Structures are given as C-alpha cells and as structure tokens.
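# A closer look at the structure
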Amino acid sequence: MTDLEDYRKELDAIDQELVALFEKRMHISQAIGNYKVAHDLPIFDEGREQRVAEQNLTHLKSDEFAVQTHHFLDTIMDLSKEVQKDVRAASNDYEQIFAIHEPKQPAQIGYFGETGSFCEEAMLAYFKEAPRDPKNYHTFESLFLAIQNGEIDYGVLPVENSSTGAISQVLDLLYKYGLSIVGEQYIKIEQHLIGLEGTSLDQIEEVYSHPQGFQQSTDYFKYHEQWRQIPFHSTSDSAKMVKDSGDAHKGAIASRRAAQIHGLSILAESIQNQSENTTRFIIVGKDLESNPRCNKVSVVFSLDNQAGTLFKLLRHFARYHINLIKIESRPVEGEKWEYLLYLDFEGNIADENVHEALRFIHRSSVYFRLLGCYIAATENK
Ligand SMILES: C=C(O[C@@H]1C=C(C(=O)O)C=C[C@H]1O)C(=O)O
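Described in the following lines is the structure provided in the data block. The shown structure was predicted, so the numbers you read here are calculated from the model rather than taken from an experiment.

## Topic: the sheet that holds strand 10 (residues 265–268)
The strand order across the open sheet built from 5 strands is 8-7-9-6-10, with neighbouring strands paired in mixed fashion. Here the strands that pair on one side only, and so sit at the sheet edges, are strand 8 (228–231) and strand 10. Ignoring strand direction, the axes of neighbouring strands in this sheet form an average angle of 35°. Sheet topology places strand 7 (residues 206–209) next to strand 9 (residues 250–254); 3 bridges connect them, and they run parallel. For E206, the partnering residue across the bridge sits in strand 9 and is K250. Here helix 10 (residues 235–245) sits on the sheet and contacts strand 6 (192–195), strand 7 and strand 9; the angle it forms with strand 9, its principal contact strand, is near 155°.

Here it is as structure tokens:
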C-alpha cells in the first residue's frame, strides 16, 4: 500500500466521524430553529457565534490552523442557519403567498387628489373605460384605508418619479396595509405655476403644492426664494384651494388640466426641472391578481442583519436569469437601522425560474411578501 492510500484511509475514518457529528449538530440546530420560530426569535445570533468561535479556537493544540478553523466554524454555522431558515419557511404557508384572485368587475375606483390631479390622469389612462363615479382622497393613507375597508376596490397612487425617485410613503403604506399592486401606468408630468386669472407673477407671495410639486421644480424656485412654499395635500387640491381663496397672492404648482378644471391661469409654464419628467403610478387593490400576460413582479422583504445576506440573495437573480428592474430600501418602523427591501423584476410568478427565485427569497428572508405580478407599463402608452 502506498503512503497516499494510508493517508486517505486515515482521512476517510476522520470524515466518517465528522459527518456523523455534523449530522448530529444539524439536528440540534433544526430543533433550535423550531424553538426560534415558536418564540419569534431571530435566526442569527452574532454574540453566540463569536463565543462558539472563541471557545473552540482555545481547543486547538497550536495556532497553526487557527484561520482555517475559524473558517470551518463559520461555514458550519452558515449551514446551520440555512437549516433554520428552512424551518422558518416551512412554518409559513408558502402556497398562500401565490393565492390569485379574479379582478373585481365592475370596480369602484379611487384616486389621490382633487379632480385634475395627476392620479386622476393616470386612472383615466389605465382603465380602458373611464371609471364611473370615482372617489377621490386627499391623503395617501386615506386611500389605503378606503381599499382596506372595501369602500373602493382599487386606488391609483404615485410610486416613483423620474427626477425625485421613490415616493417612499406609498411603499411604506403598501407594507403597513398589506395591499397588492395590480397594475402600473406612466404619466408625463408638466408642472406649471398657476394662479387666479389676471394675476401677475410679482403679486405671488406664497405657493401651495404637494411636496413632489416643489421637489420636481427646485430649479425654478431658486430664483423665487422670497415665495413661501407651503406643502398641501395634492397639486390639484392646491389649485382648488387657490381658486376658493380668491387671493391673488397665492399660487399653486399643478397641471394644465388642473388649471383648466379649477378655472385658473398659468403664470409660469413647465417649471419642472426635467423636461422628460415622468411619474410611475400604481393601481393598488386588496388581493393579488395575475394572469399569463403579466410580466413584472414586485416583492418586499427583510433580511437577517448579517454581512453578505443581500449579496447571497441577489446572486440568485443572475443564476435564474431574472432581470432586476429596481431595488429600494426603507427603514423598518420601530427597528433602528433595519430595512425593508422593495424589489421589482421581470417575469411572471408562474414561470419556473421566478417561482424558484421567489422560493429562495422567501426562505432567506425574515419577512417576505409578494406585492404583485402585473403588466409592465410602457412609457408611451
Ligand atoms: C444554532 C443557533 O443559531 C445560529 C447558528 C449558530 C450555530 O450553528 O452554532 C449559532 C448562532 C446562531 O447564529 C443558535 O442560536 O444557537
């Protein structure tokens, strides 16, 4: 027998013992996983992992393999956490996540803002037939509440603007109310400074608008710093307020349509920073709706607060050839420095690769919810 064969025999014997011990350790880790699920405890325990590494390094006869031993222990603990994540995933009703509902017809629609709002425009563009007697709401949250209470079936809200980014309050409300995205619509946004008929710019003292109206028009306001900028419900609510006030010192940032509807004049045209300023609106409903034509998926999840978890998760999108469209993070309410991640990607939940990727995200997340699978809008629709 060669020396090599002798060595390998020794390794075989050691591996046999290691594997038996490893299996035993995984069973105990699984039991700890069950305990954590039952007591709502996080899987990752940084302090415990440090102690495991420290105490075991003291068992070494010399420092020669200290680095490798540390790596070995870290790997074992990573695998142990994988098993615990499986325990946690099995405790959730996975199929429930994909429960699809039929679209509501005829539906009662609601939108954000007074008549003349961009949301109303988005609603008219999205629904093939103009909805009958749509209801309007003056805060994002009142619209979410109306969907939750069943007062309306669907609501139209802005979620992202090409120059200012995510409308984070809407993302937070999607999480808070557990509602679903059933569709989306792009609208090109032109903001104008509007006021009472016959008013001139030098009469203006204060301007009302939704915060988005101001944020999208900061370049214009650099030259009018003497004007008070007063945040108000929506751009169209601001237009109506200026009209109702009859005050020539008040102006609003709103659309041309809002100016026409509320009988106001345009004092300064196209004051938005970006000429191609566009907002993405979402159609929100109570339940998940999907059909084979849907080609975009949105999810929200949170991860264990541990190095590398986001990387390990996002890697799988490449592995399953899924095109990521967008990632947005928001703080978790009441949890300092913890984040919810909102992800949009291409695909349909019935696709094999999407299903696999979602299974993986679900398994690796502390919190997971499928927000919607819907038809991606095109910008020139
Ligand atoms: C097994 C546990 O869960 C995780 C895995 C550990 C391990 O495998 O030793 C240690 C701490 C936790 O991050 C535990 O909490 O003890």
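## A look at the packing of aromatic side chains
Counted by the stated rule, this structure contains 10 aromatic pairs. With centroids separated by 6.1 Å and ring planes inclined at 75°, the aromatic side chains of F221 and W227 adopt a geometry described as edge-to-face. By relative accessible area, which is 5% here, F221 ends up buried. A cation over a ring is seen here: K128 above Y126, with NZ or CZ 5.9 Å from the ring centre.

## Describing the site of the ligand
All residues adjacent to the ligand are R25, I32, K36, I43, F44, D45, R48, E49, M77, S80, K81 and Q84. The separation between an oxygen atom of the ligand and a polar side-chain atom of S80 is 2.6 Å. Going through the elements one at a time, helix 1 (3–38), helix 2 (46–57) and helix 3 (66–91) are the ones with two or more residues in the shell around the ligand. The element that contributes the greatest number of residues to the shell around the ligand is helix 3, accounting for 4 residues. A class-by-class count of the residues in the shell around the ligand yields 4 nonpolar, 2 polar and 6 charged.

Basis of the calculations
- Residues numbered from 1 in each chain as written.
- Predicted model: local features only at pLDDT ≥ 70, side-chain atom pairs only at ≥ 80, totals over all residues.
- Heavy atoms only, no water.
- Pairing = 2+ DSSP bridges.
- Helix = DSSP H or I, 4+ residues; strand = E, 2+ residues; numbered from the N terminus.
- Axes fitted to C-alpha atoms, helices over the stretch in contact; angles between N-to-C directions.
- Contact = heavy atoms within 4.5 Å.
- Phe/Tyr/Trp six-rings, centres within 6.5 Å; stacked < 30°, edge-to-face > 60°.
- Buried < 20%, exposed > 50% of the residue type's maximum accessible area, 1.4 Å probe, protein only.
- Lys NZ or Arg CZ within 6 Å of the ring centre and 35° of its normal.
- Near = heavy atom within 4 Å.
- Polar contact = N/O pair within 3.5 Å; in protein donor to acceptor, adjacent residues only side chain to side chain.
- Nonpolar A, V, L, I, M, F, W, Y, C, P; charged D, E, K, R; others polar.

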